[in-house]
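Topology and contacts: notes
Listed below, chain by chain, are the residues.
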Amino acid sequence: TLIGRALALRCPRCGNGKLFAGWFRMHDACPHCTMKFERAPGYFLGAAYFNYGLTALVLVVAYVTLHFGAGMSNGMLTPPFVIFFVLFPLFFFRYARALWLNMDYYFDVEGFASDDEVRSRSVPPAKP
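Residues numbered from 1 in each chain as written. Predicted model: local features only at pLDDT ≥ 70, side-chain atom pairs only at ≥ 80, totals over all residues. Heavy atoms only, no water.

Comments concerning the state of the cysteines
Heads up, the rule is: Any two cysteine sulfur atoms within 2.5 Å of one another count as a disulfide. Partly exposed residues are those whose accessible area sits between 20% and 50% of the maximum for their type, while under 20% is buried and over 50% is exposed, using a 1.4 Å probe and protein chains only.
Under the counting rule described, the total for this entry stands at zero disulfides. Left unpaired, Cys11 is separated from the closest cysteine sulfur, that of Cys33, by 3.7 Å. With no disulfide of its own, Cys30 lies 3.6 Å from the sulfur of Cys14, the closest cysteine sulfur. Using a relative accessible area of 2% as the deciding quantity, one classes Cys30 as buried.

Description of the packing of aromatic side chains
In plain terms, the rule: In this scheme Phe, Tyr and Trp rings, the latter by its six-membered ring, pair at centre separations within 6.5 Å, and the angle between planes marks the pair as stacked below 30 degrees, edge-to-face above 60, and tilted otherwise. The helix count covers DSSP runs of H or I at least four residues long, the strand count covers runs of E at least two residues long, and both are numbered beginning at the N terminus. Look at NZ for Lys and CZ for Arg. If either is within 6 Å of the ring centre and within 35 degrees of the ring normal, a charge sits over the ring.
Within this structure, the stated rule accounts for 11 aromatic pairs. A centroid spacing of 4.9 Å and a plane angle of 15° characterise the contact between Phe84 and Phe88, whose relative ring orientation is stacked. Taken together, the residues span about one helical turn, with Phe84 and Phe88 both in helix α3 (residues 74-107) at a distance of four residues. A relative accessible area of 26% places Phe84 in the partly exposed class. You can call Phe88 buried: its relative accessible area is 17%. Consider the rings of Phe92 and Tyr95, whose centres lie 6.5 Å apart with planes at 25°: the pair is stacked. Here Tyr95 and Phe92 lie together in helix α3, a separation of three residues that amounts to about one turn. Each member of the aromatic cluster is reached from another via a ring pair, and the members are Phe50, Phe84, Phe88, Phe91, Phe92 and Tyr95. Cation over ring: Arg94 sits above Phe20, and NZ or CZ is 5.1 Å from the ring centre.

Structure (structure tokens):
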């Protein structure tokens, strides 16, 4: 479910709210359930590493396959690889953030609870 929500660029909690208001601008919170997306300054740094890592992995696999397997020269591979290295991270930016957010939500649901939800769980009910 969470991977589907990430690929649809939707809120990990409700699945209804959109994560992004534009191509690169995220909402601060879900427009539907008000879950706050960025938990701390620099929260999405992990998404940047994820984006870079996937880009590098694809390029390495493609290079080894095309250079050593198909015998293509470095001169033939450089222009398309440079274009890929610039465009793919821009395209994958939104998905990297969505996957990072959904992964974090999966492993730490409590960290995304609103202040009211946390208080209601930690404060025992009043006795009549």
